[in-house]
Amino acid sequence: MKQQHQQSNKQVQKQGYYLSQHHLRLMHLLHLSGFALQEYIANEIEQNPALELEFESLDQLEEDQSIEDNVFDPDLFSNDDDLFEKSYNQSQSGKEVFYEAPVIHYSSLNENLKDQIHHMRLKEGLTDITCYLIDELDDDGYLRRSLNDVSFDYGFTFGKLFNESDFEDGLKVLQTCDPVGIGARDLKECLVLQLRRKIEGDHVHPLLKKCLTILEDCYELFVQRKFGRIMEKTHLNEEELNQALHIIRHLNPKPVTETNKYELMLQQIIPEFELSFDEEQIYVSFSHKDATKLKVNASFDRRILKVNGDTETNQVEKYYSELINDAQNIVDALKERESTMMKVISEIASVQIEFFKTGDIKDLKPMILQDISANTGFDISTISRITSNKHIQTPHGIYALRNLFMRNINPNLEQNTQNTALGIKEEIKKIIAEEDKSKPYLDSEIANLLKDIGIQLARRTVVKYREALGIPNSTLRKEMAV
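Residues numbered from 1 in each chain as written. Predicted model: local features only at pLDDT ≥ 70, side-chain atom pairs only at ≥ 80, totals over all residues. Heavy atoms only, no water.

Draft legend 1. Inspection of the overall build of the chain at higher detail. Of the regular secondary structure elements, the chain holds 22 helices and six strands. Residues classed as buried in the chain amount to 35% of the 482 residues present. The contacts of the chain with a sequence gap of at least 6 include a subset with a gap of at least 24, amounting to 62%. Only carbon and sulfur atoms are counted for the fraction: they give 48% of the accessible area of the chain, which is about 31,200 Å². (Helix = DSSP H or I, 4+ residues; strand = E, 2+ residues; numbered from the N terminus. Buried < 20%, exposed > 50% of the residue type's maximum accessible area, 1.4 Å probe, protein only. Contact = heavy atoms within 4.5 Å. Areas by Shrake-Rupley, 256 points an atom, 1.4 Å probe, with all protein chains shown as cover.)

Right, here's the structure in full:
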């Protein structure tokens, strides 16, 4: 019996897309902003001794200090009582330059929530009531005091009575804030708020709605683990029930935990860009460019590393080269980040120049990521990373870059704000503000009125925009008017 061994060499050519380490680092840096970028740079400086911050005035500072060190001032010690005043006056003379590390302030949870409330357009008095409710929250984000007691205390402060319904409206507003579940009065409400946030939108998995039904209609059965009764009432089979229970069990039982407290700290707004005008000329710059300027440490000396023999010398040389190369790659990536971001923000500013001049949302033009990508030549994913979590400081306030992007709802019509989601919301608010309060418009009637001015919307879309504005339905609006 013969055994035959055959060997064959085959070359297979595969086509793929491989990202270099430099490109991967650049993509990561483009996404970072504010505190996260400063934290990244601080970590890199700590890990790599060949890397250091670059200060433009450092050479001048050393020169000034060397000159002053050689000058003896006999009057400086003539009177000990004047020592502090003398030193203070010298520091104010402008001859000495000191680097002051930026102080970053992190808001508390209450301050963060109140900032969210103040950015909402609420009716008169509702903002104060909602902020008062925020002060009544427990540390875990629950509101365990009854609205009746809270309204009584609030009224006692101002010397007049307030309706409990006013505080119910304030609580509804508070519960739209982040973190989701804030202002819940019990565990059931906390879980329901989380599910409702998940099912916002037109395309929702039907199982999420079943989970909401279980909590709203069968909560006592759920707590008592009477799953058979739940299946009868919700018409779920065993597999669907298990999937629904899995979703519910992974909801957060507390609105505020140590984890999302830390996340709220990281989300404090540090504008990445500043925008200003000089007559008709627009200028865009980085807000904290000095904090991100790095250079390779020229004083880094490989001789500080003690070696014994040729083998260790080669290892040290290799390690030294890796540190230098890595430091240079970071410096190059930060420079490329700056140039890329500046091109993108300059293009955005040129498109939305009228909005930046006036600060009026009616001057916002429809703009999508593809538009900026086509005009700058960068990939859409790059534009998305740059605009996803960046802010710009303007003469009219701070704006998130992502809020400047709006799709044109009716592409066949004129390119203006009226054809965007933001413009349509403004039209809905205008229609409801002018309606007969004794006979409010139905959502279908609002859709017809929008159609008359050239805005084609389905009734369910009108409902979505109306609810996003915090406007109740026609029945509730009629009851509120009585």
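After that view, the rundown keeps rolling.
Draft legend 2. Spotlight on the pairing of strand E3 (residues 281–286). As defined by bridge partners, strand E2 (residues 273–278) adjoins E3 across six bridges and the pair is classed as antiparallel. Counterpart to aspartate 278 in the pairing with E3 is glutamine 281. In sequence, E2 turns back onto E3 through a hairpin of two residues, with glutamate 279 there showing a positive phi of about 60 degrees. (Pairing = 2+ DSSP bridges.)

Draft legend 3. Local environment of the environment of glutamate 426. Looking at the secondary structure, you find glutamate 426 in helix H19 (residues 421–433). In this structure glutamate 426 comes out as partly exposed when scored by relative accessible area, which is 22%. Separated by 39 residues in the primary sequence, glutamate 426 and tyrosine 465 have C-alpha atoms spaced 9.8 Å apart. When residues no more than four places from it in sequence are discounted, the contact partners of glutamate 426 are Arg121 and Ile361.

Draft legend 4. Spotlight on the pairing of strand E6 (residues 397–400). Sheet analysis places strand E5 (residues 391–394) next to E6, joined by four bridges and oriented antiparallel. Looking across to E6, one finds that glutamine 393 is bridged to isoleucine 398. Hairpin remark: E5 followed by E6, antiparallel, with two residues in the connecting loop.

Draft legend 5. Region of the structure containing the packing of H19 against helix H20 (residues 443–452). One way to put it is that H19 packs onto H20 with a least axis distance of 11 Å and a crossing angle of 115 degrees. Pair H19 / H20 crosses with right-handed handedness. Here Ile424, Glu427, Ile428, Ile431 and Ile432 of H19 lie close against H20, whose contacting residues are Ile446, Leu449 and Leu450. A class-by-class count of the residues in the contact of H19 with H20 yields seven nonpolar, no polar and one charged. (Axes fitted to C-alpha atoms, helices over the stretch in contact; angles between N-to-C directions. Left-handed = near helix turned anticlockwise from the far one by under 90°. Nonpolar A, V, L, I, M, F, W, Y, C, P; charged D, E, K, R; others polar.)

Draft legend 6. The pattern of salt bridges, seen in detail. The full count for this structure, using the stated rule, is 14 salt bridges. We note a salt bridge from glutamate 426 to lysine 429, for which the minimum N-O separation is 3.9 Å. Of this pair, glutamate 426 and lysine 429 are both found in helix H19, three residues apart, which corresponds to roughly one turn of the helix. Put simply, Arg121, Glu426 and Lys429 are held in one network by salt bridges that share partners. (Salt bridge = Lys/Arg side-chain N within 4 Å of Asp/Glu carboxyl O.)

Draft legend 7. Quick peek at the sheet that holds E6. As summarised here, the arrangement of the four strands in space is E3-E2-E5-E6, forming an open sheet in which the pairing is mixed. The open sheet is flanked by E3 and E6, the only strands paired with a single partner. If you compare each strand with its neighbour and ignore which way they point, the axes differ by 25 degrees on average. Here two bridges tie E2 to E5, and the two strands are oriented parallel to one another. Within E5, the residue paired with phenylalanine 273 across the bridge is isoleucine 392.

Draft legend 8. Spotlight on the side chain of arginine 337. Tracing the backbone through its elements, the reader meets arginine 337 in helix H15 (residues 309–351). Engagement of the side chain of arginine 337 in a polar contact is seen with the backbone oxygen of leucine 29, the distance being 2.8 Å. Not counting residues up to four positions away in its chain, the partners in contact with arginine 337 are Leu26, Leu29, Leu30, Leu32, Ser33, Leu37, Glu272 and Lys390. (Polar contact = N/O pair within 3.5 Å; in protein donor to acceptor, adjacent residues only side chain to side chain.)

Draft legend 9. Here's a closer look at the packing of aromatic side chains. Counted according to the given criterion, the structure contains seven aromatic pairs. Judged by centre distance (4.9 Å) and plane angle (65 degrees), the rings of tyrosine 154 and phenylalanine 162 are edge-to-face. With 5.0 Å between their ring centres and 70 degrees between their planes, phenylalanine 355 and tyrosine 399 make a pair best called edge-to-face. Here the residue phenylalanine 355 occupies a position in helix H16 (residues 353–358), and tyrosine 399 occupies one in strand E6, the gap between them amounting to 44 residues. According to the relative accessible area criterion, phenylalanine 355 is buried, its value standing at 1%. Here a set of aromatic residues connected by ring pairs shows up, and it is made of Tyr132, Tyr154, Phe162 and Phe167. (Phe/Tyr/Trp six-rings, centres within 6.5 Å; stacked < 30°, edge-to-face > 60°.)

So far we have only geometry, and geometry alone does not tell us how the molecule works.
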